[in-house]
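Summary of the model geometry
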There are 2 protein chains.
Amino acid sequence: MENSLVEKYVFGVDIGGTTVKIGLLDMDGHKIEVWEIPTRTEDGGSKVLPDIAESIRKKMEERGIKDSQVVGVGAGAPGPFDENGVIFKAVNLGWNEFNMKDELHDLVKMPVKCGNDANVAALGEYWMGGGQGYKDMLMVTLGTGVGGGIIHNGKIFNGATGAGGEIGHIHLVDDEPLQCGCGNYGCLEQYASATGAVLLMNRVLESSDEECVLRGKDFVCKDIFDAAKNGDKLANEAIKQYGDCLGKGLAIIASTINPEIIVFGGGVSKAGDILFDLVRPSFEKYVFHGAKRTKFALAKLGNDAGIFGAAKLVLDSVSK
Amino acid sequence: MENSLVEKYVFGVDIGGTTVKIGLLDMDGHKIEVWEIPTRTEDGGSKVLPDIAESIRKKMEERGIKDSQVVGVGAGAPGPFDENGVIFKAVNLGWNEFNMKDELHDLVKMPVKCGNDANVAALGEYWMGGGQGYKDMLMVTLGTGVGGGIIHNGKIFNGATGAGGEIGHIHLVDDEPLQCGCGNYGCLEQYASATGAVLLMNRVLESSDEECVLRGKDFVCKDIFDAAKNGDKLANEAIKQYGDCLGKGLAIIASTINPEIIVFGGGVSKAGDILFDLVRPSFEKYVFHGAKRTKFALAKLGNDAGIFGAAKLVLDSVSK
């Protein structure tokens, strides 16, 4: 391919509940253009894929790109997939089970590969982000929830029914009275998400009479980390608990799959290296000695991880 | 190969601290002969591999098998391996870090492949045992300790430094005062091994004044399961706790790697289906819904799993 005189391209698509992000990349993974279209979830989400196909076609016309120059279209969506491209359910998009790969292929008439959005984002970080240079990677995404993706030998580890890497829902705490969104009690996500940090902070406030800049206020996760950086004692206690929970959860996972590196993404990871200072002691306390040297890194691609990973997904499938 | 008129063979070697088990198999995985030689651990275990090579050579002479008829020699040993066949340490054998694959190859002059004994046993159960027909499998071995192995897409999931599938040392209980052999506190192995069952039984006895056939006696794991089957109340309480711990640990692992099937091996698995009755409620309580349908099965190969897996390891490597 490198010898060809004609430039080749790949499209990476990241389907979210509100917008679809589409990226046009060259074969070396350079972003040429990234744009967004709204996700039309009405009518059971039946317009989502046709809208994507139309947008890609329009972009190709605009830029004078021929079909033969496009290696394929990769796409990530928020649901569990099997290996044939069947998505089982995507509540946010109004979708029930169907073969997304076949349907998108029928629309774009080019090679298509699909995968779970969290796994696809992990693949993006492996290819072009915080996990570059490592074959075995765990990605943990600390946002409203806790998402994850496992990369094994440079490929997505999907699991039997697409739940591989769903690390937000490993059981962590026995006596949790609040129910997790998944229906269980005491999941990692209940403590290690941005929402979880707020829960921990509120519990610290309830259990103490000491002063705290956050007391009586409406606050979000970032406010807790900011207060802690400014020396607030209770905020520091809350983020310590946050790090303890996350470190313990990651230690359990690392003891099972022994990755070379854990890449931290999502909103909470914007706290930066302080996150590692919080997580590392607990991680090292609980991890099996054979996995103690697991490296930590921050994600680098932000919201673009999905389009990079989607592009890589289809590149890998056609280069076989 | 199937078309060849000359019969082909493969050797599977399972190196333990006391004996080395060697199997001669045909290409379809039929056992032709299995024998044992002592493991001579003196002199830093330097005689172990030469002894194996000599025994294999002798067997080939005995049976008139030519070098060209042997596809290769696979071997499992109790230590972590990298992908090049380097074993980092094997305390039981007196070994420090060296390339076991290269050294055994120099001795037998045939293709060689090596791996961790627990992972290799898992591969054996995948190929010819309880995991037959499934691509993604978790093997859990319930013996003196708790071992494990992950099979992903029909291959051993080794992890970055060979600690993949070391599930006995995932953290399970926060306030455990006793230290695990690995140095940590509250590992799965401390409760879900045969030794762990005895610990749980002793704790039940200490916390109660009720009668129990095991009170005041020296007992092993099997005695607890037998007493429970005979209706002993406290023994039933202990094995319920045993199942709760094991179910919770397996739920955490299944939520991470989403296997199709979990295969139970080791001495405790001889309890049979009652084990599943004990483990299933806790497993279903704690597992992520996407992994709830994980199947359970008993291992079928017993102590032969290692030689089958070792044979499969080298068969896979030469068929690439």
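**What to know about the confidence of the model for chain A**
- For chain A, the average pLDDT comes to 95, and 98% of its residues sit at 70 or higher.
- We note a pTM of 0.93 for the whole complex and an ipTM of 0.92 for its interfaces.

**A few points about the side chain of Ser208 of chain A**
- Looking at where Ser208 of chain A falls in the secondary structure, it is placed in the loop between helix H6 (194-206) and helix H7 (221-229).
- Every residue in contact with Ser208 of chain A, bar those within four places of it in the chain, is listed here: Arg215 and Leu234 of chain A.

**Digging into the relation of the copies chain A and chain B**
- Here chain A sits on chain B after a turn of 180° about the axis and a move of 0.0 Å along it, with an RMSD of 0.0 Å. The superposition of one copy onto the other is thereby described by a two-fold rotation axis. Of the C-alpha atoms belonging to chain A, the one lying closest to the rotation axis is found on Ile253 of chain A, 3.8 Å away.

**Some points on the pattern of salt bridges**
- Using the criterion set out here, one finds 34 salt bridges over all chains in the structure.
- The salt bridge involving Lys233 of chain A is made with Glu210 of chain A; its shortest N-O contact spans 2.9 Å. Separated by 23 residues along the polypeptide, Lys233 of chain A in helix H8 (residues 233-257) and Glu210 of chain A in the loop between H6 and H7 bring together distant segments of the chain.
- When the shortest N-O distance is used, the salt bridge between Asp174 of chain B and Lys248 of chain A registers 2.7 Å. Taken together, the residues Asp174 of chain B in the loop between strand E10 (155-156) and helix H5 (189-192) and Lys248 of chain A in helix H8 connect one chain to another.

**Concerning the environment of Ala122 of chain B**
Residues and elements named next belong to chain B.
- The residue Ala122 is located in helix H4 (residues 117-128) in this model.
- In this structure Ala122 comes out as buried when scored by relative accessible area, which is 0%.
- As for Ala122 and Met139, which are separated by 17 residues in sequence, their C-alpha atoms are 5.5 Å apart.

**Focus on the sheet that holds strand E4 (residues 70-77) of chain A**
Residue and element names in this part refer to chain A.
- Pairing in this open sheet of five strands is mixed, and the strands run E3-E2-E1-E4-E7 from one edge to the other. Edge strands, defined here as strands with exactly one partner in the open sheet, are strand E3 (31-38) and strand E7 (112-116). Across the sheet, the mean angle separating the axes of adjacent strands is 15° when strand polarity is ignored.
- Bridge count between E4 and E7: five bridges; the pairing is parallel. For Gly76, the partnering residue across the bridge sits in E7 and is Gly115.

**Details of the interface of chain A and chain B**
- Contact with chain A, which involves 37 residues of that partner, is made by 37 residues of chain B.
- Taken over both partners, the interface formed by chain A and chain B buries close to 3200 Å², and the fraction arising from carbon and sulfur atoms is 57%.
- Considering only the surface of chain A that becomes buried against chain B, Phe157, Thr256 and Phe288 of chain A emerge as the three largest contributors, covering 19% of it.
- The tally of links between chain A and chain B comes to four salt bridges.
- Measuring nitrogen to oxygen at the nearest pair gives 3.2 Å for the salt bridge that ties Lys135 of chain B to Glu83 of chain A.
- Linking chain A with chain B are 20 residue pairs in polar contact (both at pLDDT 80 or more), by the criterion used here.
- Among the secondary structure elements, those contributing two or more residues to the side of chain A that touches chain B are strand E9 (146-152), H8 and helix H9 (273-286) of chain A.
- For the side of chain A that touches chain B, a count of residues per class yields 14 nonpolar, 16 polar and seven charged.

Basis of the calculations
- Counting restarts for each chain: residues are numbered from 1 in the order of the written sequence.
- Ligands are numbered from 1 and chains lettered from A, in the order in which they are written.
- Given that the model is predicted, a residue must reach a pLDDT of at least 70 before its local features are reported, and side-chain atom pairs must reach 80 or more before they are shown or counted; all residues, however, enter totals for whole chains, interfaces and linings.
- Just so you know, side-chain values use all the structure's heavy atoms and leave hydrogens and water out.
- pLDDT is defined as a per-residue confidence score from the predictor, taking values between 0 and 100.
- The way it works is that DSSP assigns letters per residue, a run of H or I at least four long becomes a helix, a run of E at least two long becomes a strand, and they are numbered from the N terminus.
- Contacts are assigned to residue pairs that have any heavy atoms within 4.5 Å of one another.
- The atoms used to superpose the copies are C-alpha atoms, taken from residues with pLDDT of at least 70 in both, and the fit is least squares.
- Salt bridges are identified by distance alone: a Lys or Arg side-chain nitrogen within 4 Å of an Asp or Glu carboxyl oxygen.
- For each residue, the accessible area found with a 1.4 Å probe, counting protein chains only, is set against the maximum for its type, and the residue is called buried under 20%, exposed over 50%, and partly exposed in between.
- The pairing criterion for strands is at least two bridges between them, as found by DSSP.
- All axes here are fitted lines through C-alpha atoms, helices being fitted over the stretch that makes contact, and every angle between N-to-C directions spans 0 to 180 degrees.
- Buried area, as used here, totals the accessible surface that two parts lose on assembly, with accessibility defined by a 1.4 Å probe and the loss added over both.
- Here a polar contact is recorded for every N or O atom pair within 3.5 Å, except that within protein the pair must consist of a potential hydrogen donor and a potential acceptor, and residues adjacent in sequence are included only if both atoms are side-chain atoms.
- In this count, Pro and Cys sit with the nonpolar residues alongside Ala, Val, Leu, Ile, Met, Phe, Trp and Tyr, while Asp, Glu, Lys and Arg are called charged and the others, Gly among them, polar.

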